[in-house]
Amino acid sequence: MSALLSTGRRRVFAARWNRLLVLAAALFSLWVIYANIFTISDPLILGILFVNGIFTLLFIAIGATPNAPDRVPVYDWALSGLSLACGIFFFTSAETISLRISLLDALTPAQFGFGSLLLALTLEATRRTTGLALTLVVSLFLAYNLFGSLLPPPFGHGVDEFSYLLDILVFTTDGLFGVPIKVVASYVFLFVMFGTFLAKAGGGDFFFSLATLLTGRTRGGPAKVAVIASGLYGTMSGSPTSDVVATGSITIPVMKKLGYRARFAGAVEVAASTGGSLMPPIMGSAAFILAEYTNVGYREVIMAALVPALLYYLGVFLQVHLRAVNEDLRPAEGDIPSAAETFRTGWVFLIPIAIIVGVLVAGYSPNLTAGMGVLSVVVASAILPSTRLTLWKIIEGLGETTLSILPVAGACAAAGLVIGGLTMTGLGMKAASVILSVSGGHALLTLVIAAVVTIILGLGMPTPSAYILAAVLVGPALAALGYPLLQSHMFLLVFAVLSALTPPIAVAALAAAAIARADPFSIAFDAMKLASVGFLMPFAFVWNPGLMLLADPLANTLAVIGGVAATAAMAVSVEGVAGNTPARWLRPLFLCAAVAAVAPHVVLALSGTLIIVVAMVVVRQAARATGGQGMLQRAPDNS
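As the structure is a prediction and not an experimental result, all values here were calculated from the model.

## Regarding the packing of aromatic side chains
- Applying the stated rule across the entire model yields 21 aromatic pairs.
- Aromatic side chains F191 and Y298 sit 6.3 Å apart centroid to centroid with 45° between the ring planes, which places their arrangement in the tilted category. Placement of F191 in helix α8 (residues 179–200) and of Y298 in helix α14 (residues 298–326) is noted, with a sequence separation of 107 residues between them.
- Above the face of the F171 ring, R100 is positioned so that its terminal group lies 5.8 Å from the ring centre.
- In this structure, R323 packs its charged tip against the face of F264, placed 4.1 Å from the ring centre.

In structure tokens:
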């Protein structure tokens with residue numbers, strides 16, 4: 001029974017059957033490209049075909065339990081066939097469905113039957129791809145939609161029949177085929193394809209070599225390599241867990257070999273991988289959903305995210321450096337690639353990155369930008385024989401894109417059900433009223449509650465689902481207090497991302513624990529320490545829009561300078577500098593100065609920045625005077 005409550009196992013097929021699956025998935029990818037770039041599709045029809053096509057492949061590729069056999073059982077063939085049948089029915093009935101008036105025209109028996117079937121298939125697909133947590137959340141919201149009339153005010157609502165619920169969730173773009181699936185079927189799918197093709201051509205190896213070249217010969221080199229490589233890889237993958245597995249399998253063993261504690265090695269990888277979902281130019285799938293949900297251009301989203309993302313990685317990098325200095329961790333031994341070796345073939349991978357950035361800055365749509373990126377990878381890789389994508393590699397890239405999107409599609413389909421139910425019952429506004437009542441309308445306290453609620457919603461969930469739930473339940477409370485739309489939703493996005501490393505679940509830490517062979521809770525708490533800037537930065541950019549480059553040029557410049565100074569102060573305050581001088585008062589001084597440095601007031605910001613600079617100079621001089629010992633002493637780590 002417990003196996004049915006876990007995510008399903010990705011099947012490993014024999015070579016011949018795997019090729020057939022890849023070919024089928026590649027054909028689906030080609031259809032997605034055609035539908036997004038060469039045709040103007042009805043969003044409802046696009047969503048219907050995408051979801052049912054994904055489910056048809058999902059029940060074949062992913063088993064029902066963690067111990068599912070590689071051979072596809074009869075019931076999974078049946079579920080796949082039913083998904084295909086739903087797709088055929090909805091496609092052939094597309095014109096009728098698009099012309100009917102929702103809630104006025106009654107559902108036909110066929111529409112009722114296939115709609116109910118698709119709802120059940122969505123719940124099973126969600127369970128297989130994301131596990132019990134999100135499935136229970138969706139089920140609870142569905143139960144609330146059906147039986148919420150039995151609850152007392154303010155949470156009660158009018159009586160809702162199942163046919164009413166089904167009409168909204170399945171036969172409109174307000175539910176299953178709403179914003180999350182629309183985004184996954186377009187921007188996200190194409191950008192994941194870009195990352196897949198880039199990795200197929202060897203781009204991942206280039207980014208790792210580049211990180212090694214930049215930091216491999218410095219103190220704590222392997223950990224710094226993990227920070228940079230994970231950030232570069234994470235902006236393509238958009239998934240902290242997959243990033244941990246992809247880069248951590250290399251960096252964590254190397255860090256352990258050079259003297260890093262297992263828990264710290266894992267924590268470095270977790271903190272670095274988590275931030276990749278916030279790093280432009282691609283970010284994660286949730287960023288595309290944010291852009292669509294807020295009706296803000298994706299270019300504006302990535303520009304607003306740029307400085308906070310860079311400050312996040314600066315904070316992690318500085319703490320890693322301080323830890324390496326404190327514990328006298330030496331650079332990695334062995335060959336470090338030279339610049340000539342790194343760029344001999346790697347320069348071709350800079351072309352698609354430059355094209356992606358250039359097309360985005362030029363103001364073209366995300367669909368066209370991603371399509372140009374994919375095409376540029378294929379063309380650029382053909383320049384050199386060692387990076388050239390063969391026909392089969394291209395087919396594999398198309399197929400792997402579809403297969404890698406299965407969990408995201410399952411999560412977003414489920415999130416669409418939640419959004420539809422919340423819209424139908426008005427629970428989002430009711431939740432906002434409760435939050436405002438608890439906080440008493442106090443701005444800072446409301447932000448703190450919003451951060452905590454978002455993290456709780458994100459425990460064990462994919463980032464897109466966590467953000468969507470937070471946007472619907474918490475977003476109205478922030479809007480009621482007058483917070484700007486982009487800043488408040490970016491605030492929620494950051495905490496949705498950080499939920500991946502936050503205990504008690506910390507899915508990214510669980511992945512790192514298996515590689516580091518350390519306690520996942522210890523890894524998660526160390527990762528939170530390394531990501532401390534990330535937990536405080538959202539409050540700062542809501543307070544000071546200059547940190548998101550949303551103010552005038554002078555204010556933006558002062559905010560960036562203050563942000564860099566505050567990040568450095570935070571790193572020193574959290575990590576400390578080895579020494580025996582008991583000047584503990586410097587820690588709160590750094591924290592207070594950091595808060596002042598990011599203030600939207602010129603005098604306060606300049607004063608905080610100046611205090612930080614002077615304090616850094618004092619600490620550095622004290623370190624020199626004591627032979628490398630400073631005025632701040634980090635608490636011993638006996639783990």
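## Quick look at the state of the cysteines
- Counted by the stated rule, this structure contains 0 disulfides.
- No disulfide involves C86; its nearest neighbouring cysteine sulfur is the one of C412, lying 20 Å away.

## Describing the pattern of salt bridges
- Counting across every chain of the model gives 12 salt bridges.
- Residue R9 is joined to D70 by a salt bridge in which the shortest nitrogen-to-oxygen separation is 2.7 Å. In this pair, R9 is assigned in the segment before α1 (15–38) and D70 in the loop between α2 (43–61) and α3 (74–92), connecting sequence segments 61 residues apart.
- Judged by its relative accessible area of 27%, R9 falls in the partly exposed class.

## Digging into helix α17 (residues 366–381)
- Helix length check: α17, at 16 residues, gives a terminal C-alpha distance of 22 Å against a target of 22 Å (1.5 Å per residue), a fit within 8%.
- All of the buried residues in α17 are P366, N367, T369, A370, G371, G373, V374, S376, V377, A380 and S381.
- Contact partners of the buried residues in α17: α1, α8, α14 and α16 (350–361).

Cut-offs and rules
Each chain has its residues counted from 1, following the order in which its sequence is written. Local features in a predicted model are, by the rule used here, given only for residues with pLDDT of at least 70; side-chain atom pairs are given and counted only at 80 or more, and totals for whole chains, interfaces and linings are based on all residues. Side-chain metrics rest on all non-hydrogen atoms present in the structure, leaving aside hydrogens and water. Only Phe, Tyr and Trp rings are paired, with Trp represented by its six-membered ring, and only when their centres lie within 6.5 Å; those with planes under 30 degrees apart are stacked, over 60 edge-to-face, the remainder tilted. Numbering goes from the N terminus for both helices and strands, where a helix is a DSSP run of H or I of at least four residues and a strand is a run of E of at least two. To sit over a ring, a charge needs its Lys NZ or Arg CZ within 6 Å of the ring centre and within 35 degrees of the ring normal. Two cysteine sulfur atoms make up a disulfide if the distance between them is within 2.5 Å. Definition used for salt bridges: Asp or Glu carboxyl oxygen within 4 Å of a side-chain nitrogen of Lys or Arg. Only protein chains enter the accessibility calculation, which uses a 1.4 Å probe; a residue is then buried when its area is under 20% of its type maximum, exposed when over 50%, and partly exposed in between. Every helix has an expected span of 1.5 Å times one less than the residues it contains. Here, two residues are considered to be in contact whenever any of their heavy atoms come within 4.5 Å of each other.

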